[in-house]
4 protein chains.
Amino acid sequence: MRIQTEPPTSPADYPFSHSIRVRFAETDAMGIVHHAAYLPYLEAARVEYLRAIDRPYTVLRESGIDLAVIEAHVRYIRPLRFDDVVEVHVVMSASTRASLQMSYLLTANGQRVATAVTAHACVDPEGRPTRMPTWLAALSVLSDEQVSSRSVRPVGDNQQSAS
Amino acid sequence: MRIQTEPPTSPADYPFSHSIRVRFAETDAMGIVHHAAYLPYLEAARVEYLRAIDRPYTVLRESGIDLAVIEAHVRYIRPLRFDDVVEVHVVMSASTRASLQMSYLLTANGQRVATAVTAHACVDPEGRPTRMPTWLAALSVLSDEQVSSRSVRPVGDNQQSAS
Amino acid sequence: MRIQTEPPTSPADYPFSHSIRVRFAETDAMGIVHHAAYLPYLEAARVEYLRAIDRPYTVLRESGIDLAVIEAHVRYIRPLRFDDVVEVHVVMSASTRASLQMSYLLTANGQRVATAVTAHACVDPEGRPTRMPTWLAALSVLSDEQVSSRSVRPVGDNQQSAS
Amino acid sequence: MRIQTEPPTSPADYPFSHSIRVRFAETDAMGIVHHAAYLPYLEAARVEYLRAIDRPYTVLRESGIDLAVIEAHVRYIRPLRFDDVVEVHVVMSASTRASLQMSYLLTANGQRVATAVTAHACVDPEGRPTRMPTWLAALSVLSDEQVSSRSVRPVGDNQQSAS
């Protein structure tokens, strides 16, 4: 029952991307970005994506809804190094009544460095599952339209598209 | 070609576990441990597991080998909170000539809180893929024996667990 | 008006210490522990110190009080490396009606690696300054007694240590 | 012998500032940015400052020099929250043959949120103290000129200005 979505591997298949400069604090003794540091990159890209479509995450939180991460998968392809600029491409790749999935492609210096998928559940301030609010459901549909207009097919066994 | 290993869900299926006290710095504004903080927990458990079987990771690094993370998957089941003690159960669930997989079960307060799988490649100090050293290969076999003695069948790169 | 406390430089002058194993995630591309990683070490030592004297921080938080950090000073003497075990010695070095100071000495491999001081204000869940609760004030006195029994003189807000 | 520099409290006294958007991962269970997260903010501002004056830190590192942090002091004035944009103002406030100090003022929503000072030593790749390279010494002078042209007086008992 795990997420099986395969993130698109071309930047053209993503409606949005967010640039992040690698901080020295994010590197480790192997001289590269520590693998745990990628998850905050994905999170920052989600937040900027929601802002870009006029649905800031802060508004969602103020309405008493959080998008708790229930699953995360990252495939590390090439290392990132201090001071690299990484482009985090993001697309909402699936949604249900109470959860959604986002896919990511990370590129730097013209090369793919990672792909990722995160799954999220709507929860209230006490962390209990709650129904996705109307405007967030509408957001998913919007996202699907953006994606379909770019001829991206969501893939994977457990995929549940919002359409 | 992603990792498909299903981590065992019973602590009895793991040869080793490591206790970690949740730090306040690891929580976020949802009042729970941030999802990115779990990856260092897994890493700490790997390191303690290798130490427990007399193969400290520092010795591996001194021999010019690092175990670069090439894939990570975490399923978050229940939230962790400040000051919780989490038990990170770890088992080497597969290995090839140049890579290996480890599975994890995280429990706290007698309940499952997460499962995870990480895949690793042997790399030299410049980050180039290198062959797994003899002693590390032996370690994998050792681990497999430990595992089989507990009736866990290690699974291959893209196989589903046999349960 | 900044904190001027000079942390004692001998472990004997501290009533409590907490051992922490350096995680790989805490290192940086210089091959040593990143300087920001020391602050969570201090925090973990504070938490364990309060637990050791039967005043767990979780109880304080449940009573609606947080100890917000209002100032932090760290002096880095020798680098820490992956897998080092660092001893974080901690002492409550001063307190007022609404704030307190803690001093730290970090040692590893028999050598001093850092000293630090943090200053904290009591705040309510909304972050507003609040009076230190009776039992926390008593705790400060207790701490002072422990300290004086070890011939350390607690120092005032802007005083230099008497040594 | 600790750093005594008092960071200027007006943005006008800083030659450079760098904007950072607070990430959710940087918050803690108090609902505010964790105090340890400020140090990477300072670091990012240093790096951008060096880039702005055409002396990128990566070039310094490639020449075999790192600027190890030997001391850090942060005064937290107002909390930062998720999604805030913090302006990190930075100025090189002192330098000697082998070390330098940088001062910081953090503002958000038109208010001061923190001040800070960091002290750095030039070290080689093995972490041994090394002399500040000519171009970095020149950089300090440049910085001092920038500062003096803005009528900033370095303050504090142990201040050693480069002049």
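In this text the structure is predicted, and so the values were computed from the model without any measurement.

Draft legend 1. Broad picture of the relation of the copies chain B and chain D. Structural alignment of chain B on chain D gives an RMSD of 0.0 Å, achieved by rotating through 180° and translating 0.0 Å along the axis. Those values place the two copies in the arrangement expected of a two-fold rotation axis. The position closest to the rotation axis in chain B is occupied by the C-alpha of aspartate 28 of chain B, lying 1.9 Å away. Comparing interface residues between copies, 100% of those in chain B also lie at the interface in chain D; the contact surface is shared.

Draft legend 2. Here's a closer look at the relation of the copies chain B and chain A. With an RMSD of 0.0 Å, chain B superimposes on chain A once it is rotated by 180° and translated 0.0 Å along the axis. When the interface residues of chain B are mapped onto chain A, 100% of them again fall at the interface, so both copies present the same face.

Draft legend 3. Spatial organisation of the interface of chain B and chain D. Contacts between the two partners involve 8 residues from chain B, matched on the other side by 8 residues from chain D. In this assembly, chain B packs against chain D so that about 690 Å² is buried in total across both faces, 75% of it on carbon and sulfur atoms. Interface area lost by chain B to chain D is led by Phe24, Ala29 and His34 of chain B, which between them contribute 57%. At the surface where chain B touches chain D, the tally comes to 0 salt bridges. Linking chain B with chain D are 4 residue pairs in polar contact (both at pLDDT 80 or more).

Draft legend 4. Structural detail: the environment of threonine 9 of chain C. Residues and elements named next belong to chain C. Along the polypeptide, threonine 9 turns up in the segment before β1 (16-21). Here threonine 9 falls in the partly exposed class, since its relative accessible area comes to 47%. Separated by 58 residues in the primary sequence, threonine 9 and leucine 67 have C-alpha atoms spaced 25 Å apart.

Draft legend 5. Representation of helix α1 (residues 38-52) of chain B. For α1 of chain B, the tally of buried residues reaches 13 of 15 residues, placing the bulk of the element in the interior. Positive phi appears at aspartate 54 of chain B, one or two residues downstream of α1 of chain B, with a value of about 65°.

Draft legend 6. Region of interest: the packing of aromatic side chains. Following the criterion strictly, the structure yields 24 aromatic pairs over all chains and no others. On the numbers, 6.0 Å between centres and 40° between planes, the contact of tyrosine 38 of chain A with tyrosine 41 of chain A is tilted. In this pair, tyrosine 38 of chain A and tyrosine 41 of chain A are both assigned in helix α1 (residues 38-52), 3 residues apart and thus about one turn of the helix distant. Comparing tyrosine 38 of chain A with tyrosine 41 of chain A shows no difference in burial state: the two are buried. Taken together, Phe24 and Phe82 of chain A together with Tyr57 of chain D form an aromatic cluster joined through their ring pairs.

Draft legend 7. The nonpolar core, seen in detail. Counting residues in each nonpolar core, the largest one holds 96 residues, and the members touching the most others are Leu106 of chain A together with Leu106 of chain B. Excluding anything up to four places from it in sequence, leucine 106 of chain A contacts Tyr38, Tyr41, Leu42, Val86, Glu87, Val88, Gln111, Arg112, Val113 and Ala114 of chain A. Of all hydrophobic cores here, the second largest spans 93 residues; its members include Cys122 of chain C together with Leu39, Met102 and Tyr104 of chain D.

Draft legend 8. Focus on the interface of chain B and chain A. With 31 residues of chain B at the interface, the matching set in chain A holds 31 residues. With both chains or domains summed, chain B and chain A bury close to 2,500 Å², and 49% of this area falls on carbon and sulfur atoms. At the boundary of chain B with chain A, the tally comes to 0 salt bridges. Across the contact surface, chain B and chain A share 10 residue pairs in polar contact (both at pLDDT 80 or more). Counting residues per element, the ones that place at least two in the side of chain B that touches chain A are α1, β2 (66-76) and β5 (111-123) of chain B. It is β2 of chain B that contributes the most residues to the side of chain B that touches chain A, 10 residues altogether. Per-class residue counts for the side of chain B that touches chain A are 16 nonpolar, 5 polar and 10 charged.

Parameters at a glance
- Residues numbered from 1 in each chain as written.
- Chains lettered and ligands numbered in written order.
- Predicted model: local features only at pLDDT ≥ 70, side-chain atom pairs only at ≥ 80, totals over all residues.
- Heavy atoms only, no water.
- Least-squares fit on C-alpha atoms with pLDDT ≥ 70 in both.
- Contact = heavy atoms within 4.5 Å.
- Buried area = accessible area lost by both parts, 1.4 Å probe.
- Salt bridge = Lys/Arg side-chain N within 4 Å of Asp/Glu carboxyl O.
- Polar contact = N/O pair within 3.5 Å; in protein donor to acceptor, adjacent residues only side chain to side chain.
- Helix = DSSP H or I, 4+ residues; strand = E, 2+ residues; numbered from the N terminus.
- Buried < 20%, exposed > 50% of the residue type's maximum accessible area, 1.4 Å probe, protein only.
- Phe/Tyr/Trp six-rings, centres within 6.5 Å; stacked < 30°, edge-to-face > 60°.
- Core = buried A, V, L, I, M, F, W, Y, C linked by side-chain atoms within 4.5 Å.
- Nonpolar A, V, L, I, M, F, W, Y, C, P; charged D, E, K, R; others polar.

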